Amino acid sequence: MMKPRLLLSLLATAALAAPVASPLGAQQDEDEQQRRLNEIEEQLQSNERNAAEIRELTPAKREELEALRTRLIETADSLQKAETRTTAIEQRLEELETEEKQVGEELEEQQRATSEILAALQSFELAKPPALAVSPQDASQAARAAMALSGIVPDLQSKVEDLRANMELILSLQQEMAAEKEALEESEVQLTSRRNALEDLLDRKTAEFRDVTDRITELERENDRLAREATSIRNLLDDLAEAARRREEEAALANLPEPEVPDTSTFASVPGLDIYNDLPAVFADARGKLPYPVSGRVVAPYASEMPNGGRLEGLRLETRAGAVVTAPFNGSVVFAQETYELVGNVFILDVGGGYKIVLVGMERFEAGVGQFVRAGEPLGYMPADGNRAVLYMEIRRNAEPQNPTAWLLDRG
C-alpha cells in the first residue's frame, strides 16, 4: 500500500506538471473527485457501524477471555506443582537406591564374617579327638577351645541378628522404592493430563482472541486506508499548493497514539493463587514478590563468573524437560524470536517503568509480539528432549542489568 506522504507528493507533482485544463474539464475532474470522496465517507460510516456492533460484543467476550486466562493460570500452576513433585520423587528414588547399595554392601560383609566363623567351628569339630582317647593335654586344649567357642557363639548370634535386621531393612527399602515408582508413574500420568488440558486451553484462548481482534483489526485497517485516501483527495480538492497544511497533516499521521494498556485493576483474581493476586500494580514495587517463571533450581546465580572471565548478568534455572514457563508479572511481549543464533530462543516481556524481563532457552512460545499477558499466563515450554533443560533469566531497567534474586520470592 502506498504511504500517505508519498501519495500526497505524487498527487501534487502530477497536478503541477499537468497542462492547464478547460473550465469544463476541471469541473468534471472535481465532480469525479467529490463523488469518490462521498463514496469513501459512506464506506467509512458503514465500517464504523460494523465496528461499533462488534465492540458491543467485546465486554462479554473480554469476560470470557478473563475467565479463560484465570483457568490458564490455575492449570499452569498445577503443572508446575506436579513437576516439582515428580522431581522430589526422583530424588527420593536416588536416595533409596543409594541406601539399598550401602545395606547390600554391609550384608555381604556380614555374610563373609559369618562364613568365616562357621568354617572355624567346623574345623574345630573335625579336629576334636574321641572321648576315650582324651589325654590330660587334650583335655586342656578342649577346655581352651570350649572357652574360645563360648566367646564366639554370642558374637555369631549377634551377627545373625544384624543380618536378619539388614535383610528386613532391604525388604522395606524395596517396598518403599516400589511405592515411590508407582507414585512417580501416577505423577507422570497427571502431568501429561494437565499438559493436554493446558494445550486445549491455549488453543481456545488463541481462537477466542483472534475471533474478536481480527475482525476489528480488519475494519480499522480498511478505515485507515480509506481515511488516508480521503485526506489525500480533500487536500487535492482544497489546494495542492498548501504545503504547510499538508505538513501538519503528515506530522499528525506520524504521531500515532500509543497502544492501549489494559487496566490491571479490572482483572479477575485467581482463587487460591495469592502469589499472583498479591502482586502490586507497578513493577518497581514488586521487589521480592515475583514468582519464579518455571519450576526448577538455580544452578548459576547472578554475577557468577563465566568461563570467558565475565560475570553473569542474570541467573540460570535448571528445569525438567518440557517444563511450562509462565509470566512473572503483567506485561506486553516485545520480542519472541525462535531461531536466534548464538544465544538461543529469546523472549522479552516489557513490564513497564523501563523494566524488561528477558528469558532465554524456551523451545516453543505460546505468546506472540504485541500480546498482553497476565502474571501466571503460560509463555511457552522448555525443550522436551533429554532429562533437564536450562532457562536463563535477566531483569533489566533501561538496558541496565538488575539482580533477579532481589526481585524473586524467597523460596526458603
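Enquirer: Quick rundown of the overall build of the protein? Include the residues and the values.
Expert: Within the protein one finds six helices and eleven strands. Total accessible area on the protein is roughly 24,900 Å²; 52% of this is exposed by carbon and sulfur atoms.

Enquirer: Could you give me a rundown of the nonpolar core, with the residues and numbers involved?
Expert: Core analysis: the largest hydrophobic core is formed by 35 residues, its most contacted members being Phe 283, Leu 290, Phe 347, Leu 359 and Met 362. When residues of this core are traced back to their parent elements, those giving at least two are β2 (315-320), β5 (346-352), β6 (355-360) and β10 (388-397). Here this core takes four residues from β10, the largest share from any one element. Here Leu 359 is in contact with Pro 293, Val 325, Asn 345, Val 346, Phe 347, Leu 379, Leu 391, Tyr 392 and Met 393, once residues within four sequence places are set aside. Leu 72, Leu 79, Ala 82 and Leu 191 belong to the second-largest nonpolar core, a separate cluster that totals ten residues.

Enquirer: Describe the sheet that holds strand β7 (residues 364-365), with residues and values.
Expert: Pairing in this open sheet of three strands is antiparallel, and the strands run β3-β9-β7 from one edge to the other. Of all the strands in the sheet, the pair left with one neighbour each is β3 (324-326) and β7. Of the pairings in the sheet, the one linking β7 to strand β9 (residues 378-381) comprises two bridges and is antiparallel in character. Within the sheet, the bridge partner assigned to Phe 365 lies in β9 and is Gly 380.

Enquirer: Tell me what's going on with the pattern of salt bridges, and back it up with residues and numbers.
Expert: Opposite charge on two side chains allows them to pair when their charged atoms are near. Enumeration according to the criterion identifies seven salt bridges in this entry. Across the salt bridge formed by Arg 297 and Glu 318, the nearest N and O atoms sit 3.1 Å from each other. Remark: Glu 318 occurs in strand β2 and Arg 297 occurs in strand β1 (residues 296-300); sequence separation between them is 21 residues. The exposure class of Arg 297 is partly exposed, given its relative accessible area of 49%. A residue is classified by how much of its surface remains accessible, and Glu 318, at 22% relative accessible area, is partly exposed. The closest approach of N and O atoms between Glu 394 and Arg 396, which form a salt bridge, is 2.6 Å. Note on Arg 396: relative accessible area 19%, which makes it buried. Among the charged side chains, a network of salt bridges with common partners joins Glu 313, Glu 394 and Arg 396.

Enquirer: Provide a residue-level description of the side chain of Thr 75, including the pertinent values.
Expert: Inspection of the secondary structure assignment puts Thr 75 in helix α2 (residues 23-127). By relative accessible area, Thr 75 is classed as buried at 14%.

Enquirer: Residues and numbers for the packing of aromatic side chains, please.
Expert: Applying the stated rule across the entire model yields five aromatic pairs. One aromatic cluster is present, formed by Phe 283, Phe 329, Tyr 355 and Trp 407 through successive ring pairs.

Enquirer: Summarise the confidence of the model for the protein; cite the residues concerned and give the values.
Expert: For the protein, mean pLDDT is 75; residues scoring 70 or higher make up 70% of the total. A low-confidence stretch, residues 1-23 stays under pLDDT 50, and its non-local contacts, those more than four residues away or across chains, total 20 contacts. pLDDT under 50 marks residues 243-261. Its contacts with residues more than four places away, or in other chains, come to 15 contacts.

Enquirer: Mind laying out the environment of Asp 410, listing which residues take part and the relevant values?
Expert: Position of Asp 410 among the secondary structure elements: in the segment after α6 (404-407). With a relative accessible area of 73%, Asp 410 lands in the exposed category. Counting along the chain gives 120 residues from Asp 410 to Leu 290, while the straight-line C-alpha distance between them is 9.2 Å.

Enquirer: Summarise the side chain of Gln 371; cite the residues concerned and give the values.
Expert: Position of Gln 371 among the secondary structure elements: in the loop between β7 and β8 (372-373). Its relative accessible area of 13% is what places Gln 371 among the buried residues. In this structure Gln 371 touches Lys 205, Gly 331, Ser 332, Val 333 and Glu 366, once residues within four positions along its chain are discounted.

Enquirer: Tell me about the pairing of β5, and name the residues and values.
Expert: Most of β5 sits out of view: five of its seven residues are buried. Note that strand β4 (residues 331-337) and β5 share five bridges and pair antiparallel. Within the sheet, the bridge partner assigned to Val 333 lies in β5 and is Leu 349.

Enquirer: Quick rundown of unusual backbone geometry? Include the residues and the values.
Expert: Phi is positive for Ala 303, which is not a glycine, with a value near 70°. For Ala 303, the position within the fold is in the loop between β1 and β2. By relative accessible area, Ala 303 is classed as partly exposed at 32%. You will see that Ala 399, though not glycine, has its phi angle at about 75°, which is positive. With respect to the secondary-structure elements, Ala 399 resides in the loop between β10 and β11 (400-402).

Reading the values: rules and limits
Residues numbered from 1 in each chain as written. Predicted model: local features only at pLDDT ≥ 70, side-chain atom pairs only at ≥ 80, totals over all residues. Heavy atoms only, no water. Helix = DSSP H or I, 4+ residues; strand = E, 2+ residues; numbered from the N terminus. Areas by Shrake-Rupley, 256 points an atom, 1.4 Å probe, with all protein chains shown as cover. Core = buried A, V, L, I, M, F, W, Y, C linked by side-chain atoms within 4.5 Å. Buried < 20%, exposed > 50% of the residue type's maximum accessible area, 1.4 Å probe, protein only. Contact = heavy atoms within 4.5 Å. Pairing = 2+ DSSP bridges. Salt bridge = Lys/Arg side-chain N within 4 Å of Asp/Glu carboxyl O. Phe/Tyr/Trp six-rings, centres within 6.5 Å; stacked < 30°, edge-to-face > 60°. pLDDT = per-residue confidence, 0-100.

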